[in-house]
Amino acid sequence: MSDRIASEKLRSKLMSADEAAQFVNHGDKVGFSGFTGAGYPKALPTAIANRAKEAHGAGNDYAIDLFTGASTAPDCDGVLAEADAIRWRMPYASDPIMRNKINSGSMGYSDIHLSHSGQQVEEGFFGQLNVAVIEVTRITEDGHLIPSSSVGNNVEWLNAAEKVILEVNSWQSENLEGMHDIWSVPALPNRIAVPINKAGDRIGKTYIEFDTDKVVAIVETNTPDRNAPFKPVDDISKKIAGNFLDFLEGEVAAGRLSYDGYVMQSGVGNVPNAVMAGLLESKFENIQAYTEVIQDGMVDLIDAGKMTVASATSFSLSPEYAEKMNNDAKRYRESIILRPQQISNHPEVIRRVGLIATNGLIEADIYGNVNSTNVSGSRVMNGIGGSGDFTRNGYISSFITPSEAKGGAISAIVPFASHIDHTEHDVMVVISEYGYADLRGLAPRERVAKMIGLAHPDYRPLLEEYYARATSGDNKYMQTPHDLATAFDFHINLAKNGSMKA
Ligand code: 0RQ
């Protein structure tokens, strides 16, 4: 037994993952730790999946409702989805097997804002949470929990659940202790302001306090987080990063930003990581991040002395950088803070710190409405994640995207977005490899030429033809002109012919 379980009382609950899985019953609502491949339980998912397979083999029903912080990993979401062990899940999920189950209709998926998820479960919007399964780095003598590489919704799940199963993972560095900042929003009607004024403010404790009487099992693991490596930065990502920096320079020239005043939020993905590589070479200094995930690019910015502090709820690092973080957590905890996702993504704090939000998109339309989630309006990619929290409440909201996907078969700029997560009222700046469209202060029709300028040259004539149709003939309403009969021709072409072009 490792010395990471200092509490006598809790040590007596130690058992195997298969034994612990007996506490998770068919129909249970189960809250897992974990956020973007970090800090998810490593042993219980497989043990629960095995229970499901056994039950299904014997002709019995077995499926749980799963609540997490955000996406997890193949050895968590993946194994459970493969075993048909999940009936319904929330929020953000990126596992390909699970995506197929969701899109084929065999699994339910509720795609809610990450800042809402914890409080809504705690308040009972989804019914009673039965079990919380939480990975920790260490349990103290007093039964306090030192979280691992993410905090996510752990506090809310521990508060809401009837039973608690803890996984103590000795792969996680003990030096993560001190990196976390645990502070909870008091329940209604006793809410108070979140006392964070700057990204680097610490307001809480370094551990989680909870009712230890709820613990039914503790399982030991020694397994790494399984994060996906990022794609190498390609030419298109480099150009997008260059255009993003031009936009930031424009803000400096206009007197709205200073070289040491940039507070960053960045979504996960290959393109955001490329933007951070671009920032390394830029004139920006003393960058602060008030964001939800720490990616490789941010670690590089910290190492280069360009970023002074990064506040998030989780790591989303490549395997190489996860090892680096583990080996050097003592140094990084000086400049990295991991908070509950309700705080990392809190609208009130996001508005106060005045950050520039930067997220990816699936498609944007000629008026600036953004689809982040559903391909052709009906097939979910990952989910809205924290993009809504940051886009609506940021000082400036921006979206970065290559102009095309799937080898040119798909245009990221379309006549009418087939699903809208971020409306024209929220979206300020859109950036592709062809430049940036600053939509601030522009009426919908004034936005069109700028948005078409972001499209690949192959698609520009098609978009111009659409706009000409929308503003002529029988279409007499000119605030947001549309030709409804052909508004989804791009998507219809894609479904029929495999390309949006024809
Ligand atoms: O798939 O590699 O299989 O071809 O989407 O696309 O271009 O590598 O970009 O990694 O930045 O992801 C919107 C998905 C972009 C992401 C999205 C396909 C494309 C590729 C990845 P392939 P890229 P990125 C923080 C904030 C919503 C949540 C959010 C996302 C794959 O940014 O999920 O912002 N955002 N959260 O081919 C079909 C299209 C497509 C498309 C891209 N129009 N149609 N496929 N792809 N556009 C995160 C959290 O909150 C946790």
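Residues numbered from 1 in each chain as written. Predicted model: local features only at pLDDT ≥ 70, side-chain atom pairs only at ≥ 80, totals over all residues. Heavy atoms only, no water.

A.B. asks: Describe the overall build of the protein, naming the residues involved and giving the relevant values.
C.D. replies: From N to C terminus, the protein includes 18 helices and 25 strands. Taken along its principal axes, the extent of the C-alpha atoms in the protein is 75 × 55 × 45 Å. Taken over 502 residues, the protein has a buried fraction of 59%. In the protein, of all internal contacts separated by at least 6 residues, the share reaching a separation of at least 24 is 73%. In the protein, the 45 positive side-chain charges and the 64 negative ones have mean positions that sit 2 Å from each other. (Helix = DSSP H or I, 4+ residues; strand = E, 2+ residues; numbered from the N terminus. Buried < 20%, exposed > 50% of the residue type's maximum accessible area, 1.4 Å probe, protein only. Contact = heavy atoms within 4.5 Å. Lys, Arg positive; Asp, Glu negative; His and termini not counted. Charge placed at Lys NZ, Arg CZ, Asp CG, Glu CD.)

A.B. asks: Account for the packing of helix α3 (residues 44–57) against helix α4 (residues 74–82), naming residues and giving values.
C.D. replies: Taken N-terminus to C-terminus, the directions of α3 and α4 make an angle of 10°; their axes are 8 Å apart at the nearest point. As judged from the angle between their axes, α3 and α4 are roughly parallel. Counted together, Pro-45, Thr-46, Ile-48 and Ala-49 of α3 and Asp-75, Cys-76, Val-79 and Leu-80 of α4 form the full contact between these two elements. (Axes fitted to C-alpha atoms, helices over the stretch in contact; angles between N-to-C directions. Parallel < 35°, antiparallel > 145°, perpendicular 65-115°, else oblique.)

A.B. asks: Account for the UniProt feature "binding site: CoA" (unreviewed entry) in the protein, naming residues and giving values.
C.D. replies: In the UniProt entry, the feature "binding site: CoA" (unreviewed entry) is given for Gly-267, Val-268, Gly-269, Asn-270, Val-271, Ile-362, Asn-382, Gly-386 and Lys-406. In three dimensions, the annotated residues from a span of 140 residues occupy distinct locations, with a maximal C-alpha spread of 24.9 Å. Mapping Asn-270 onto the fold places it in helix α9 (residues 270–280). With relative accessibility at 28%, the residue Asn-270 sits in the partly exposed group. Every residue in contact with Asn-270, bar those within four places of it in the chain, is listed here: Phe-230 and Lys-231. One can find Gly-386 in the loop between β19 (379–380) and α15 (387–393). (UniProt positions renumbered as here; feature names shortened; annotations may be inferred.)

A.B. asks: Which residues make up the environment of Ile-139, and what values do they have?
C.D. replies: Inspection of the secondary structure assignment puts Ile-139 in strand β5 (residues 131–139). Residue Ile-139 is classed as buried on the basis of its relative accessible area, which comes to 0%. Taking the C-alpha atoms as reference points, Ile-139 and Ile-366, 227 residues apart in sequence, are found 53 Å from one another. If we ignore the near neighbours within four places in the chain, the residues touching Ile-139 are Arg-4, Ile-5, Ala-6, Ser-7, Leu-10, His-144, Leu-145, Leu-166, Val-168 and Ile-218.

A.B. asks: So, the sheet that holds strand β23 (residues 413–414): which residues are in play, and what are the values?
C.D. replies: Spatial ordering of the open sheet is given by β17-β16-β23, a layout of three strands whose pairing is mixed. Because the sheet does not close on itself, it has two edges, and the strands there are β17 (370–371) and β23. As defined by bridge partners, strand β16 (residues 363–365) adjoins β17 across two bridges and the pair is classed as antiparallel. Note that in β17 the partner of Ala-364 across the bridge is Val-370. (Pairing = 2+ DSSP bridges.)

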